[in-house]
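# Structural characterization, general
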Amino acid sequence: ENDYHPKANHDEEEEEEDDAPPPVQPNTRSFNTILLSLANSGLYEPALDILRQMRQFDSRVVPDIYTYNTVLLAFASNAECPYSNQPAELAEELLQEMMESTNSSNS
């Protein structure tokens, strides 16, 4: 007797496809993990780039207090040029932005 049933095999393949896990999507925690790695290396410019990307992402990725604090840590950990005020000025701007964001969300 022939046990081959094309229709039955096709249905099994469809079931396997339906059981596939949903695609993995980054969230705020994913971005924060990358930011922490950058901060530990004092790489504030790439950290700022990641923050900008987060702002352009969908609603699942929203910078939170950990995001801002981690980017600020990247500025504090930077030892690139002790005579340049640019990192400190950028950190101050980021802090101001963070405070404005907090005030507008509380309104």
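Please read all numbers here as calculations on a predicted model, not as lab measurements.

### Examining the pattern of salt bridges
The tally for this structure, following the rule as stated, stands at 2 salt bridges. Ionic pairing is found between Asp 49 and Arg 52, a salt bridge with its closest N-O pair at 2.9 Å. Note that Asp 49 and Arg 52 are positioned in helix H3 (residues 44-56) at a spacing of 3 residues, about one turn of the helix. On the basis of relative accessible area, Asp 49 is assigned to the partly exposed category, the value being 39%. A residue is classified by how much of its surface remains accessible, and Arg 52, at 42% relative accessible area, is partly exposed. Arg 55 is the salt-bridge partner of Glu 97, the closest N and O atoms lying 2.1 Å from each other. One end of the pair, Glu 97, is in helix H5 (residues 86-106); the other, Arg 55, is in helix H3, and 42 residues separate them in sequence. Looking at Glu 97, the relative accessible area reads 29%, which means it is partly exposed. For Arg 55, a relative accessible area of 40% puts it in the partly exposed group.

### Things to note about the nonpolar core
Residues Leu 35, Ala 47, Leu 51, Val 71, Phe 75 and Leu 94 are the most contacted members of the largest nonpolar core, which totals 18 residues. Only helix H2 (28-40), H3, helix H4 (65-77) and H5 provide two or more residues apiece to this core. In terms of residues, this core owes the most to one element, H3, which gives 6 residues. If near-sequence neighbours (up to four positions away) are discounted, Val 71 is found in contact with Leu 35, Ala 47, Leu 48, Leu 51 and Leu 94.

### A look at the packing of H2 against H3
Where H2 meets H3, the axes come as close as 9 Å, and the angle between the chain directions of the two elements is 170 degrees. Between H2 and H3, the interaxial angle falls into the category roughly antiparallel. Packed against H2, whose contacting residues are Thr 28, Phe 31, Asn 32, Ile 34, Leu 35 and Leu 38, the element H3 presents Pro 46, Ala 47, Ile 50, Gln 53 and Met 54 at the interface. A class-by-class count of the residues in the contact of H2 with H3 yields 8 nonpolar, 3 polar and no charged.

### Remarks on the environment of Ser 37
Looking at the element boundaries, Ser 37 is found in helix H2. Expressed as a C-alpha distance, the spacing of Ser 37 and Ala 47, which sit 10 residues apart in the sequence, is 9.2 Å.

### Some points on H2
Helix length check: H2 (13 residues) gives 18 Å between terminal C-alpha atoms against 18 Å at 1.5 Å per residue, within 8%. For H2, the complete set of buried residues consists of Thr 28, Phe 31, Asn 32, Leu 35, Leu 38 and Ala 39. Here the buried residues of H2 occupy an arc of 120 degrees about the axis, which is enough to place them on one side. Counted as exposed and oriented over 90 degrees from the buried face of H2: Arg 29, Thr 33 and Asn 40.

Parameters at a glance
Residues numbered from 1 in each chain as written. Predicted model: local features only at pLDDT ≥ 70, side-chain atom pairs only at ≥ 80, totals over all residues. Heavy atoms only, no water. Salt bridge = Lys/Arg side-chain N within 4 Å of Asp/Glu carboxyl O. Helix = DSSP H or I, 4+ residues; strand = E, 2+ residues; numbered from the N terminus. Buried < 20%, exposed > 50% of the residue type's maximum accessible area, 1.4 Å probe, protein only. Core = buried A, V, L, I, M, F, W, Y, C linked by side-chain atoms within 4.5 Å. Contact = heavy atoms within 4.5 Å. Axes fitted to C-alpha atoms, helices over the stretch in contact; angles between N-to-C directions. Parallel < 35°, antiparallel > 145°, perpendicular 65-115°, else oblique. Nonpolar A, V, L, I, M, F, W, Y, C, P; charged D, E, K, R; others polar. Expected span 1.5 Å × (residues − 1). Arc of directions from axis to C-beta.

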